[in-house]
Amino acid sequence: MRTGDIPAFTAFVQARSSALFRTALLLTGERHMADDLVQSTLEQVCRHWRRVRSADVPEAYARRILVNLANDRWRKLRGRAEVPLDDGIGGGHVDPYKGLVVRDELMRELQSLPIGMRTVLVLRYFEDLDDAEIGRLMNISAGSVRSQVARGLSKLRSTVGTQALHARSGGEA
């Protein structure tokens, strides 16, 4: 990349990285894998920036790279043999619906939180906004955002964690 291209590429990264991250998170379902996917995508976009920018398609090119990389990783993982893990109950049986039950519980508990707390959590963890940006959107301080996040996560952890342990132990928590 030439020195003159750096400001345009930097502006593109700043404007589109959060949207690319959301797409990567939806594709991978895991935050760290999504981070890696976005970094790999931006690396390839950077390598071809002059051509991509001259064609005026950086967003489309980045999304295509993102999807192709996600598909490549999925294909590699698909080839691996699955080994059931022993969860300590039933001699190695893994309940494929356990994660869905916890997710449904989490969504129910999220809906039961006060609207402000729920909004802060959704903006922080589903929209990937930072504390200052959330505070600006909601017209509250960044400190209030952090305290709402802490209290909301605490409530979710105590409720969902207790119910998940209760369900796992067969009702004898």
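Description of the structure in this document. Small disclaimer: the values here were computed from a predicted structure and weren't measured.

Thresholds, definitions, all that
- Residues numbered from 1 in each chain as written.
- Predicted model: local features only at pLDDT ≥ 70, side-chain atom pairs only at ≥ 80, totals over all residues.
- Heavy atoms only, no water.
- Helix = DSSP H or I, 4+ residues; strand = E, 2+ residues; numbered from the N terminus.
- Buried < 20%, exposed > 50% of the residue type's maximum accessible area, 1.4 Å probe, protein only.
- Contact = heavy atoms within 4.5 Å.
- Areas by Shrake-Rupley, 256 points an atom, 1.4 Å probe, with all protein chains shown as cover.
- Expected span 1.5 Å × (residues − 1).
- Polar contact = N/O pair within 3.5 Å; in protein donor to acceptor, adjacent residues only side chain to side chain.

This part takes up the overall build of the protein chain. Along the protein chain, the regular secondary structure elements total eight helices and zero strands. The order of helices and strands in the protein chain, counted from the N terminus, is α-α-α-α-α-α-α-α. For the protein chain, the residues scored as buried account for 24% of the 173 residues in total. Within the protein chain, counting contacts between residues at least 6 apart in sequence, those at least 24 apart form 60% of the total. Looking at the protein chain as shown, the accessible area adds up to about 11700 Å², and 55% of this sits on carbon and sulfur atoms.

Time to look at unusual backbone geometry. With phi around 60°, D56 is a residue other than glycine that occupies positive phi space. Here D56 is to be found in the loop between α3 (49–54) and α4 (58–78). Residue D56 is classed as exposed on the basis of its relative accessible area, which comes to 65%.

This part takes up helix α2 (residues 31–47). Spanning 17 residues, α2 covers 25 Å between terminal C-alpha atoms, matching the ideal 24 Å at 1.5 Å per step. Two to three positions downstream of the cap, the backbone nitrogen of H32 sits 3.2 Å from a side-chain oxygen, assigning the N-cap of α2 to E30.

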